[in-house]
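Okay, here's what each chain looks like letter by letter:
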Amino acid sequence: MKEQKFTITDDTGIHARPATLLVNKAGQFESHVELHYNGKAVNLKSIMGVMSLGVPKGAEITITVDGSDEEQALEGVAATIREHLGE
Amino acid sequence: MTKVYTQDLLEQFKFDVVAGANGVNREIIMSDISRPGIELTGYFRYYPSKRLQLLGKTELSYYKDLTSEQRADRAKRMCTEKTPGIVISRGMDIPEELVKACDEADVPLLRSPYKTTRVVSRLTNFLEAKFAPFTAMHGVLVDIYGVGVLIMGQSGVGKSETALELVKRGHRLVADDSVEIRQEDYDRLIGSSPPLIEHLLEIRGLGIINVMTLFGAGSVRSYKKISYVINLESWDEKKQYDRLGLEEETMKIIDVEVPKATLPVRPGRNLAVIIEVAAMNFRLKQMGVNAAEEFSTRLTTMIDEEKTNLGIDYNLE
């Protein structure tokens, strides 16, 4: 299991479109990917789950991945976050 | 877990803030309520200062019988830094010593017009619900014939599509994709939807649809007790699936063991019907009718009879 912290810098936070990008990216991997925010954890492969958190700008999130391709999965998700959402 | 502040009680219970208004942002960290009685006599060794304090008629009338110095002393010792608030029931008049102490220590002094027992039970219910163990799970919660069924499984296995079919058949959607679960009491799990995605369902290729506007107010529920878990998984040729229904699997959510069934998914298998029947069968079992067990006893009787028959045959030879 691997985990990494990110800070959302995008003005709209994790809104519908960036959430879709994130979920599609996570869906490409076998590993179980979770997003932790504010004491709640959701499956990063589920769009409704991710959007239900309503993550705003400035929020700190943690991504955890667990599975056979966890390294690639974390890399992939991290790249998507850096490109569209934050650092 | 959500944090509870004295402020939240004001909105919920329409309390009057008599004094210590600066302290309404104090956090309440436990659901227990303290009724300081012995403390009023001056014994503070076990004073539960972090709890919400409630003074009823008996306590307050005793307090009024004290001398002015004693009243000031007790009030001061009750108003600690951690005390989230002092509640007075029955809309009673409050001695000035207590008002003064609350103002000085910024402990909110709240007054409710209702009877003490009523205030205690409502406060306890409210706080217990707020402090109930909480978790969020990936799955879909549907009310099928009054049975709260939590459908779980990997992403893309078809949970939301099954839920849509179930709604179309007249059942009710509680939550899609992310189910917030809190444990009430020691054996009740209540599932609800995160507010942001209430009534919504995500169907691959269609996007987000609003079940309530599409199918009407009767097709949704805001919360439901979870009684049964159905786990959907891709059909695995090598795995042994339950063929009889004699064994009962369970799944632990928070501290509660919930009955669980695993359904293999294969193209052409009508999951909605199977889940619907599973829910009905679950109700039937709870009413004491167990098809699998009945069949098993029937088979036992039959085998026993055959055995005796065989015995007779041998005798004839």
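As a reminder, the structure under discussion sits directly above these lines.
Let us look at the structure shown here.

### Thoughts on the nonpolar core
- Residues Ile14, Leu35, Leu44, Ile61 and Ile63 of chain A are the most contacted members of the largest nonpolar core, which totals 31 residues.
- For this core, the secondary-structure elements that each account for two or more residues are α1 (16-27), β2 (32-37), α2 (47-52), β4 (60-66) and α3 (70-84) of chain A.
- The biggest single contributor to this core is α3 of chain A, with five residues.
- Once residues within four sequence positions are removed from consideration, Ile63 of chain A is found in contact with Lys2, Glu3, Gln4, Phe6, Val33, Glu34, Leu35, Leu44, Leu74, Val77 and Ile81 of chain A.
- The next biggest cluster of nonpolar side chains, apart from the first, holds 28 residues, and it includes Ile144, Val167, Ile209 and Ala279 of chain B.

### Some details on the pairing of strand β3 (residues 40-43) of chain A
Residue and element names in this part refer to chain A.
- Summarising the sheet, β2 and β3 pair through four bridges and their orientation is antiparallel. Opposite Leu35, over in β3, you have Val42 as the bridge partner.
- Hairpin geometry of β2 and β3 is characterised by an intervening segment of two residues between the two adjacent antiparallel strands and by a positive phi of about 55° at Asn38.

### Here's the deal with helix α2 (residues 57-65) of chain B
All names here are of chain B.
- Looking only at α2, the buried set comprises Glu59, Leu60 and Tyr63. Burial along α2 is one-sided: seen end-on, the buried residues are contained in an arc of 95°. Those residues of α2 that are exposed and aimed more than 90 degrees away from the buried face are Lys57, Thr58 and Asp65.
- Among the structural elements, β5 (52-55), α3 (68-78), β6 (86-88) and α4 (96-105) are those in contact with the buried residues of α2.

### With respect to the pattern of salt bridges
- This structure, assessed with the given rule, holds 17 salt bridges over all chains.
- In this structure, Glu71 of chain A and Lys2 of chain A form a salt bridge, with 4.0 Å as the shortest nitrogen-oxygen distance. Residue Glu71 of chain A is found in helix α3, and its partner Lys2 of chain A is found in strand β1 (residues 2-7); the two are separated by 69 residues along the sequence.
- Between Asp143 of chain B and Arg221 of chain B there is a salt bridge, and its shortest N-O distance comes to 3.2 Å. Of this pair, Asp143 of chain B sits in strand β9 (residues 140-144) while Arg221 of chain B sits in the loop between α7 (211-215) and β16 (223-225); the two residues are 78 residues apart in sequence, bridging distant segments of the chain.
- On the accessibility criterion, Asp143 of chain B (5% relative accessible area) is buried.
- Taking relative accessible area as the criterion, Arg221 of chain B reaches 25% and is therefore assigned partly exposed.

### Overview of the side chain of Ser160 of chain B
Residues and elements named next belong to chain B.
- Here Ser160 is to be found in helix α6 (residues 159-168).
- Residue class for Ser160 comes out buried when judged on its relative accessible area of 8%.
- At 3.4 Å, the side chain of Ser160 forms a polar contact with the backbone oxygen of Glu202.

### So, the interface of chain A and chain B
- On the side of chain B, 16 residues touch chain A, which itself brings 12 residues to the contact.
- Across the chain A to chain B interface the summed buried area is about 1,100 Å²; carbon plus sulfur atoms make up 65%.
- For the chain A face of the interface with chain B, the top three residues by lost area are Lys40, Met48 and Ser52 of chain A, together amounting to 49%.
- Here chain A is connected to chain B by one salt bridge.
- A salt bridge links Glu180 of chain B to Lys40 of chain A; the shortest N-O distance between them is 2.8 Å.
- Of all the secondary-structure elements, those providing two or more residues to the side of chain A that touches chain B are β3 and α2 of chain A.
- For the side of chain A that touches chain B, the element with the highest residue contribution is α2 of chain A, accounting for five residues.
- Taken together, the residues that form the side of chain A that touches chain B break down as five nonpolar, five polar and two charged.

### What to know about the sheet that holds strand β17 (residues 228-234) of chain B
Residue and element names in this part refer to chain B.
- Read across the open sheet, the six strands follow the order β11-β9-β10-β17-β19-β18; overall the sheet is mixed. Since the sheet does not close on itself, it has two edges, and those belong to β11 (172-175) and β18 (249-253), each with one partner. Across this sheet, the average inter-strand angle for adjacent strands is 35°, counted without regard to direction.
- With six bridges connecting them, β17 and strand β19 (residues 256-265) associate as parallel partners. Bridging across to β19, Leu232 finds its partner in Leu263.
- Here α6 sits on the sheet and contacts β9, β10 (147-153), β11 and β17; the angle it forms with β9, its principal contact strand, is near 20°.

Rules of the game
Every chain is numbered on its own, with residues counted from 1 as its sequence reads. Just so you know, chain letters begin at A and ligand numbers begin at 1, following the order they were written in. Given that the model is predicted, a residue must reach a pLDDT of at least 70 before its local features are reported, and side-chain atom pairs must reach 80 or more before they are shown or counted; all residues, however, enter totals for whole chains, interfaces and linings. Side-chain descriptors were evaluated using all non-hydrogen atoms of the structure, hydrogens and water having been removed beforehand. What we call a nonpolar core is a set of buried Ala, Val, Leu, Ile, Met, Phe, Trp, Tyr and Cys residues that are connected through their side-chain atoms within 4.5 Å. Remark: exposure states derive from per-residue accessible area (1.4 Å probe, protein chains only) relative to the maximum for the residue type, with buried under 20%, exposed over 50%, and partly exposed in between. For helices the rule is a DSSP run of H or I covering at least 4 residues; for strands it is a run of E covering at least 2, with both sets numbered from the N terminus onward. Contacts are assigned to residue pairs that have any heavy atoms within 4.5 Å of one another. Being paired, for any two strands, means DSSP has found at least two bridges between them. As used here, the arc belongs to the directions running from the helix axis to the C-beta atoms. Within this document, salt bridges are pairs made up of a side-chain nitrogen of Lys or Arg and a carboxyl oxygen of Asp or Glu, the two lying within 4 Å of each other. Distance and chemistry together define a polar contact, namely a pair of N or O atoms within 3.5 Å, with one atom able to donate a hydrogen and the other to accept it when in protein, and with adjacent residues in sequence counting only for side-chain atoms on both sides. When two parts are brought into contact, each loses some accessible area as probed by a 1.4 Å sphere; the total of that loss over both is the buried area. Residues were grouped as follows: Ala, Val, Leu, Ile, Met, Phe, Trp, Tyr, Cys and Pro as nonpolar; Asp, Glu, Lys and Arg as charged; and all remaining residues, including Gly, as polar. Whenever a helix is involved, its axis is fitted only over the stretch in contact; in every case the axis is a line through C-alpha atoms, and angles between N-to-C directions fall within 0 to 180 degrees.

Bear in mind that shape data such as this cannot, by itself, settle questions of function.
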